[in-house]
Amino acid sequence: MNLYQKEEIKTFLDKFESRRTQVSDEIDNAVTVILKNIRTRKDAALLEYTEKFDNVDLSAMGIKVPLDVLKKAHANLDPQLLEVIRESRDNIKRFHSKGLPQSWMSWEEDGVVLGQRVMPLERVGIYVPGGRAAYPSSMLMGVVPAQVAGVKEIIVTTPADKDGNVNPTILAAAYELGITRVFRVGGAQAIAAMAFGTATIPRVDKIVGPGNIYVATAKKMLYGQIGIDMVAGPSEVVVLADSTANAEYVAADLLAQAEHDPLASSIVITDSETLANNVIEQVEKQTNLLERSEIIDSSLNDYGAVILADSMQECIEISNRLAPEHLGLHVENAWEAVENITNAGAIFLGSYSPEAVGDYWAGPNHVLPTNGSARFFSPLRTEDFLKTSSIIHYSQKAIQKHGNKIIKFANSEALTAHAQSIYRRMDK
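Because the structure is predicted, anything quoted here is derived from the model rather than measured.

A. How the structure looks around the overall build of the protein. Tallying secondary structure elements over the protein gives 16 helices and 14 strands in all. Its C-alpha atoms give the protein principal-axis dimensions of roughly 85 × 60 × 45 Å. Counting across all 428 residues of the protein, residues that qualify as buried make up 49%. Total accessible area on the protein stands at roughly 21,300 Å², and carbon and sulfur atoms take up 49% of it. Computed over 42 positive and 54 negative side-chain charges, the separation of the two mean positions in the protein equals 14 Å.

B. Focus on the sheet that holds strand S12 (residues 326-330). Across the sheet, 6 strands lie side by side as S1-S11-S10-S9-S12-S13; this open sheet has parallel pairing. Across the chains shown, the open sheet's two edge strands, defined by having one partner strand only, are strand S1 (3-5) and strand S13 (346-349). Along the sheet, successive strands turn relative to each other by an average axial angle of 20°, direction set aside. As judged from the 5 bridges shared by strand S9 (residues 236-241) and S12, these two strands associate in the parallel manner. In the strand pairing of S12, Leu240 is matched with Leu329. Strands S9, strand S10 (265-270) and S12 of the sheet are contacted by helix H9 (residues 247-258), whose axis makes an angle of about 170° with S9.

C. Layout of a nonpolar patch on the surface. On the surface, Leu81, Val84, Val357, Tyr360 and Trp361 cluster together into a nonpolar patch covering about 420 Å² of accessible area. Those elements giving two or more residues to the nonpolar patch turn out to be helix H4 (79-96) and helix H14 (355-360). Position of Tyr360 relative to the elements: it lies in helix H14.

Calculation notes
Residues numbered from 1 in each chain as written. Predicted model: local features only at pLDDT ≥ 70, side-chain atom pairs only at ≥ 80, totals over all residues. Heavy atoms only, no water. Helix = DSSP H or I, 4+ residues; strand = E, 2+ residues; numbered from the N terminus. Buried < 20%, exposed > 50% of the residue type's maximum accessible area, 1.4 Å probe, protein only. Areas by Shrake-Rupley, 256 points an atom, 1.4 Å probe, with all protein chains shown as cover. Lys, Arg positive; Asp, Glu negative; His and termini not counted. Charge placed at Lys NZ, Arg CZ, Asp CG, Glu CD. Pairing = 2+ DSSP bridges. Axes fitted to C-alpha atoms, helices over the stretch in contact; angles between N-to-C directions. Contact = heavy atoms within 4.5 Å. Patch = residues over 30% accessible without salt bridge, like charges linked within 9 Å, V, L, I, M, F, W, Y side chains within 5 Å. Salt bridge = Lys/Arg side-chain N within 4 Å of Asp/Glu carboxyl O.

In structure tokens, the structure reads:
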């Protein structure tokens, strides 16, 4: 990891942020073709792309994972791991059940009734990533909030390996959650299939879940055709650390993020030169002990950094500018520091709150805004699976009382038909 200080900090930040705005025409064009083919040729195109990109022919075994395969995966899962999954599910459910929006009505003067009706979405699609690693935790983070919201139909798509098999822990988790419609396809083609619908995969109202650049691009292009949670980029963590921080813990948190992907970003921001040097030393020491060291080295060399600022205030300002997906506060007064944090997907307070607690166990969602989008996006929530309708009832008396003001407003916009729709209801 490289150390940046003084004028080097701005150079690094400018370079780092520039990658967020880079758009690959090659990827956009490739995804556009995929979407068009899935829309027009449905399952035939889906099978072709799965064979092309995932090296598996599903024409004989089918796109949908059979129910007996789900049952078998569940029956064969390590009982202790199954119990962990159940406890994690309960934690997620408990957290996402808090503060749910409710329908309401308000009876005003003159017979006016105003209100809001809250309803769950009809059908949603959960994308569970595959590829470098399988993430049953993402299954829970997508499915459980949707179930809490009351979504009637939930389907899952996730890539298969070259033999057409889906990670058994993902399948076991799906069955434990009561999900029986799992489709072994991934990538932009899976997103398109859920958006347009095919003979095998039903069309959904909304798609949630993280994925690679092709998945993210497909979701972005299809927004409006279907709802999406967010446009996610590579995963990232920022750790704010002062002189009281434990360099071993800080380094471990950086490495936990770096092992995701060569594009993942791990940054520590500190006002302590001693801590900065100790973290660099710990990163090198711990990396040698990890299985995914090649991925970690690539990630840290390209997108890792140790930033040495002049003060903790400057550290916080830099963090707010980065608006990280994950933010760890390894500082003496974490509860005071958090009051000055304005942009972050999830905030982990104190040395004993590593990101992994949030990824697997605590309950808050680990589907989080990336690429600086924590400035305007929130973590995946139960509210993302709900929609509202406004309720408006006006009586004849209310129209008589307010009609002339509404007519004046409509005429100011030259919408005379709007004005007439009020005028014709008024006592002449």
